Amino acid sequence: MERGVRRTAVLGVSSALAAALTVALPVPASSSATAPIEQPASWVDPLIGSANGGNTYPGAVLPYGMISWSPTSTAGDQTSTGAANGYHYDTTRIRGLSLTHVNGAGCHPGAAGDVPVMPFAGDVTSSPSADTKDEVYAAGFSHDDERAVPGRYTLGLDSGVQADLAVSRRAGVADFTFPAGKPANLLFRVSNSLNGSEDAHIDIDRAKRKVTGWVHTGAFCGRRANGGVNNRKSYYKLYFSASFDRAFASTGTWKDGTLAPGTTSAGGGEGYATGTDRAGRGSGGYVGFDTRRDNDVHMRLGISYVSLAGAEANLREEIGPDDGVDDVAAAGLRTWNRELGSVRISGGTPARRTAFYTALYHSLLQPNVVSDTDGRYPGMDGQPHRIEKGQTAQYSNFSGWDQYRAHIQLLALLKPRLAGDYAQSLYNFARQNGDVWDRWVHISGATHVMTGDPSAATLATFYAMGVRNFDVQGAFDSLVRQATVPHPDGLLDAGCPGQCVGQRPNLAQYKASHYAAHDVCHCWGGAAETLEASVADSALAGWARLLGREKEAEEFTERAGYWRNVFNPRATDGEGYIQARNLDGSWVTPFDPGSDRGFAQGTSATYTWMVPQDVQGLADAMGGRSAAAARLDGFFHKPDGSWSIRGGDPLRYDPTNEPGIHAPWLYNALGQPWKTQETVRQIVDTVYGTGPSGLPGNDDLGTMSAWYVFSTLGLFPQQPGSAAMLFGTPVFTRAVVERPGDRDIVISAPDAGDSHRYIDALRVDGSASDRSWDDGGLVESGGRIDFELSDRPDKEWATTPANLPR
């Protein structure tokens, strides 16, 4: 969506909403093509990725925020929603403004969406839970009456109600403006989280003008057909406390189909089913207001995962007693400008600037703080805990299988202090979970989603990139135990295939056979599990070397090569592929490179390239670098030579999912870096963009956005567990990447533009370089990279075998 359209559309809404939007929409501070961006938040469009399966949300949120106040949309089923995280651009009807969200998760519904608050311009005459098709207690809207900017969200409903929301990290304020002459009610749908709930409760205090309550929920990916039933369980409570600027004119509560006007307390959950198995269940309450003299109702609200007292303390600590929406929004905008200012770009078209800073915005939404201002947080053992000495906050929402490939590297690069707190947070959770590191942590729940051991890759990468503010030895030893000592859960099929409880499934067999046998692996897919374990073990080997732990380094270096045991050189008549094997050593047949048999959310054609730790070894297995590069050409192109990079073809590149997102960068190691440059630019130009469909698919907690940030800067992580960076072509004439405590990384490319997508020459700290990669010095010490770009490929630069990435 073009920025000019967003601003001028204000003319079509009411004067009250237009006044609010005047404050909400900052004007870009600089339109010069060469000046550095001074107010990067002004270039962010939170609606990017809200269609096309991106599963982003547009609501009010701060970096790493606990609260993310955004709509829950409805398509006519109260037990479901318009998209995985509650919002889809093309579904223009909502049943509430919910307090929590997870950015870009793929399960539908995904997670959270807790406590929808619905402004309702009508009389409450029946139970909202009985409104199973969202026909009564919901409202439509037009995008002309919607504005989303970092930290603030404003929406005008067809009912005439206008909502203006702004947040701090753990609290928020709202103005609800009701139409004259109509009833004014706020519904608190405490049980109606996206996945449902086990229990919920609401209390209304007339004397103190407060509404408080909680919901007991969880069930991330609980509706998935491939193992979701195992995850239909509760693992956290969200508490909230809302106070108002005026007395309540009326109150009421409901449970299931029964409305109780005048009451002030109710409770009851919905369960975790869907459709008729859940419809009509649940609880909540409402408060009504006399708006004859003043139709603008002001609400202040705090949340906590620990207690009601914690929610109220979070509100007191973060938002002043007299702060209104404008005040909180202004503070939020300053916070976003500071965080986004960690990368300062110059040049580029307005569309590229918007796409870049929105991608960085989405990358910085997570991890999410789950500790209160007093340091207490919900443990994975179901008990409250306090953050460790030296730890700033406890963070959660770890989409490990996705994030370890790009997002956590960006976090370590830009926010190393926060990355250390994140590492400590994951270690804290593991200790509370019987020393098991779960691969997908949501709030305080071990959800087991996906496959592999991404925690090992993540913490090894953090350490390699200079992050030190966590219990390094304790975390390393714990992850080594997980990788070497079989756990009873590893022999269970609970949750399989998509949410297998074993984090290193059937480890004894894996260590004996040197691959995950597909027929006995207790995993999603034996071939995928082997590749994931090989990547994780390679990362542990690198970490061990840095720690001087030579015994572990040797062991895990050997295990990093186990991928070879699932590479079948005769998988097809002419080409070798990664292929699943049985315990007896036989290959799983019939084999089709376009099949996902033995794999997790991908095909053999994609997974065959998932050996970032040993690209030269993979090339040798394919017949040499030239043969491997020719095969890679076929991965990105159709037989007629045209590009095939948008997904949908099981034999070719899929930009919507993680196993292959590193593949465009493999040409550097294969001695043809100009093909990395043209392939990455083609993806940047045609798969990503602005507007609601500007992401190729699920953002997966900032992973796809992080890919775009790196790619447009001309950098990409070489492999997990390393600080090495591969070079591509920048799209901006200049970028400065702040390195807290170190020299900045300065990227200069004066000729950057649409037509200059190839590298002619490169200088690092003033010295000419014939390498398409950096071995970690830039991340460790900062420095300057000067690119000379051209409109045609240089097929000699960075092709010398001795200088290729290792």
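About the cut-offs
Residues numbered from 1 in each chain as written. Predicted model: local features only at pLDDT ≥ 70, side-chain atom pairs only at ≥ 80, totals over all residues. Heavy atoms only, no water. Helix = DSSP H or I, 4+ residues; strand = E, 2+ residues; numbered from the N terminus. Contact = heavy atoms within 4.5 Å. Polar contact = N/O pair within 3.5 Å; in protein donor to acceptor, adjacent residues only side chain to side chain. Salt bridge = Lys/Arg side-chain N within 4 Å of Asp/Glu carboxyl O. Buried < 20%, exposed > 50% of the residue type's maximum accessible area, 1.4 Å probe, protein only.

Draft legend 1. Main features of the environment of Glu339. The residue Glu339 is located in helix H4 (residues 325–340) in this model. The spatial distance from the C-alpha of Glu339 to the C-alpha of Gly502 is 37 Å, given a sequence separation of 163 residues. With residues near it in sequence (within four places) discarded, Glu339 still touches Pro63, Tyr64, Leu364 and Lys415. Within the structure, the side chain of Glu339 is placed 2.8 Å from the side chain of Tyr64, a separation counted as a polar contact. For Glu339, the side chain forms a polar contact with the side chain of Lys415, separated by 3.3 Å.

Draft legend 2. Quick peek at the pattern of salt bridges. For the coordinates displayed, the defined rule picks out 33 salt bridges. Close ionic contact of Arg246 with Asp294 constitutes a salt bridge, the shortest N to O distance being 3.1 Å. Of the two residues, Arg246 is situated in the loop between strand S12 (234–244) and strand S13 (250–255) and Asp294 in the loop between strand S16 (283–289) and strand S17 (296–304); the sequence distance between them amounts to 48 residues. Glu532 is the partner of Arg405 in a salt bridge, and the nearest nitrogen-oxygen pair spans 2.8 Å. Separated by 127 residues along the polypeptide, Arg405 in the loop between helix H6 (400–403) and helix H7 (407–414) and Glu532 in helix H12 (residues 526–547) bring together distant segments of the chain. On the basis of relative accessible area, Glu532 is assigned to the buried category, the value being 3%. A single salt-bridge network, built from bridges that share partners, covers Asp453, Arg504, Asp537, Glu555 and Arg559.

Draft legend 3. Structural detail: unusual backbone geometry. In this structure, the amide linkage connecting Cys496 to the following residue, Pro497, adopts the cis form with an omega of 10°. Omega for the peptide link from Thr589 to Pro590 comes to -5°, which places this bond in the cis form. For Pro590, the position within the fold is in the loop between strand S27 (577–578) and helix H14 (604–607). Here Val115, not a glycine, exhibits a phi torsion of approximately 50°, which is positive. For Val115, a relative accessible area of 0% translates into the label buried. Unusually for a residue other than glycine, Asp134 sits at a positive phi of about 55°. Position of Asp134 among the secondary structure elements: in the loop between strand S4 (117–120) and strand S5 (139–149). Under the relative-accessibility criterion, Asp134 is labelled buried at 1%.

No statement about biological role is implied by the geometric values presented.
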